[in-house]
Every structure is written in C-alpha cells, then in structure tokens.
Amino acid sequence: FLIIVPLVSVVGFAGYSLSKSQAQADAVTRELATRLASALKWQGLTETNAARTQAMIVSSDPALEAEFKEHIAATSAQISEVQKSLESMALSDADKAQMNKIAAARKAMIDLRGEARKLKGDGQQDQAVTLINQKYNPSVVAYLTALREFAAQQQQNAADAQAAMAAERMLTVK
C-alpha cells in the first residue's frame, strides 16, 4: 500500500501535466492554423482584386468598370478585416515586421490602382495601361510575395511549435 499511493500520485501528476500540455498545444495549433488560413484568404482576395483592376483598366467597356468598382471596394473591405484580425493576434516581432511590410506593399498597390483609375477616368487609357503594366503589376507581385512570406512564416511557426510541444511531452513522460 505504501508503494501504491506514491505511484498513483506520480501517474496522476503525469496525466495532469500531459493533459495541460495537450490543451496548450491545441490552443497554439488553432491560433497558428487561423493565422495561416487568414494569410491564404488575404492572398486570394488580393489576387482577385488585382485581376479585376487589370481587367477594368485595360477594358474600354464602361459596364465592366462599373461592375468591378463595387466588387473591388467590397473585397478591399474584406482584406482590411483580415488584416485587422491578424494584427489583433499575439504576433512575434518577426510577424509584426512582416505585417508592416505587407501593409506598405498594400498601400503602394492601392495608390497605383487609384492613379490608374484616375488616368483612365481622365481619358488617358494608354497611360493607364502603361502604368498597370510597368508599375501596378510589379507592385502586386511585391505585395503577394510579402503575403506568401508571411504564410511561410506561419507554417514555420507551426512546425517550431509542434516540435517544442513534442519535446515538452517527452519531458512529461520521462
């Protein structure tokens, strides 16, 4: 009996520690999965708006512009929501730095989109198309690259967290 009580205590503590560790691991995994899903959603929305912008500027059909103008605004609002959601999470310094890089790339792209729309609205279709090809498209590539880098960071963060949790579980078992 004297051996059973300490043994039950040790097993109980190990079970409690393992359960607590698993709960923390689940929470971290969920947050990292949410970050990654948000980054991928943001990337998809950005690609959609970039294609709409290009089609709207290159096309001479005013109906296309009227149709895409509302969709671009709605998608931009969705992107802003995703961005705010990510910024409200507990991000590392590296994640925050990447988010700042993304925000700067997004602003540059939006400014160029506005400039192209103004040129087209002023009847300077050829200049608008040139701006799209020479400046806007490269800014989209830079923006999407920054988003992909953030997604890759989140994948690496998840892998690092899983490795750390596995190591912690091994300590609990020992």
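Before reading on, note that the structure itself is shown above.
Read on for a plain summary of the structure.

Below, the discussion takes up the overall build of the chain. Of regular secondary structure, the chain possesses four helices and zero strands. Counting from the amino terminus, helix and strand elements in the chain follow one another as α-α-α-α. Per-residue burial for the chain yields a buried fraction of 33% across its 174 residues. Long-range contacts, defined here as pairs at least 24 residues apart, represent 78% of the contacts in the chain between residues at least 6 apart.

Another aspect to go through is the side chain of serine 59. Topologically, serine 59 is positioned in the loop between helix 1 (4-58) and helix 2 (62-87). Take serine 59: its relative accessible area is 17%, and that puts it in the buried class. From its side chain, serine 59 meets the backbone nitrogen of aspartate 61 in a polar contact 2.9 Å long. In this structure, serine 59 is in contact with Leu64, Lys120 and Gln125, ignoring residues within four places of it in sequence.

Take the packing of helix 2 against helix 3 (residues 93-121) next. In the contact formed by helix 2 and helix 3, the axes pass within 13 Å of each other and the chain directions differ by 165 degrees. Taken together, the axis directions place helix 2 and helix 3 in an arrangement best described as roughly antiparallel. Of the two elements, helix 2 crosses helix 3, and the hand of that crossing is left-handed. In contact with Glu65, Lys69, Ile72, Ser76, Ile79, Ser80, Gln83, Leu86 and Glu87 of helix 2, helix 3 contributes Met99, Ala103, Arg106, Arg113, Arg117 and Lys120. Here the contact of helix 2 with helix 3 is composed, by residue class, of five nonpolar, three polar and seven charged.

For helix 3, which comprises 29 residues, the first-to-last C-alpha distance of 42 Å matches the rise-based estimate of 42 Å (1.5 Å per residue) to within 8%. All of the buried residues in helix 3 are Asp95, Gln98, Met99, Ile102, Ala105, Arg106, Met109, Leu112, Arg113, Ala116, Leu119 and Lys120.

The subject of this paragraph is the pattern of salt bridges. Tallied over the full model, the rule gives seven salt bridges. Here glutamate 47 makes a salt bridge to arginine 148, at a shortest N to O gap of 3.3 Å. Placement of the pair is glutamate 47 in helix 1 and arginine 148 in helix 4 (residues 125-173), with a sequence separation of 101 residues. Take glutamate 47: its relative accessible area is 34%, and that puts it in the partly exposed class. Close ionic contact of lysine 120 with glutamate 65 constitutes a salt bridge, the shortest N to O distance being 3.8 Å. Of this pair, lysine 120 sits in helix 3 while glutamate 65 sits in helix 2; the two residues are 55 residues apart in sequence, bridging distant segments of the chain. Linked through salt bridges whose partners overlap, the residues forming this network are Glu31, Arg35 and Asp95.

A few words on the nonpolar core. Generally speaking, soluble globular proteins have nonpolar side chains that are buried together. Core analysis: the largest hydrophobic core is formed by 32 residues, its most contacted members being Trp42, Leu86, Met99, Ile102, Tyr136 and Tyr143. Mapped by element, the contributors of at least two residues to this core are helix 1, helix 2, helix 3 and helix 4. Sort the elements by how many residues they give to this core and helix 4 lands first, with 11 residues. Among residues more than four places away in sequence, those in contact with methionine 99 are Trp42, Gln83, Leu86, Glu87, Leu91 and Phe150.

Conventions used here
- Residues numbered from 1 in each chain as written.
- Predicted model: local features only at pLDDT ≥ 70, side-chain atom pairs only at ≥ 80, totals over all residues.
- Heavy atoms only, no water.
- Helix = DSSP H or I, 4+ residues; strand = E, 2+ residues; numbered from the N terminus.
- Buried < 20%, exposed > 50% of the residue type's maximum accessible area, 1.4 Å probe, protein only.
- Contact = heavy atoms within 4.5 Å.
- Polar contact = N/O pair within 3.5 Å; in protein donor to acceptor, adjacent residues only side chain to side chain.
- Axes fitted to C-alpha atoms, helices over the stretch in contact; angles between N-to-C directions.
- Parallel < 35°, antiparallel > 145°, perpendicular 65-115°, else oblique.
- Left-handed = near helix turned anticlockwise from the far one by under 90°.
- Nonpolar A, V, L, I, M, F, W, Y, C, P; charged D, E, K, R; others polar.
- Expected span 1.5 Å × (residues − 1).
- Salt bridge = Lys/Arg side-chain N within 4 Å of Asp/Glu carboxyl O.
- Core = buried A, V, L, I, M, F, W, Y, C linked by side-chain atoms within 4.5 Å.

So, to be careful, I would describe these as geometric facts and stop short of saying anything about function.
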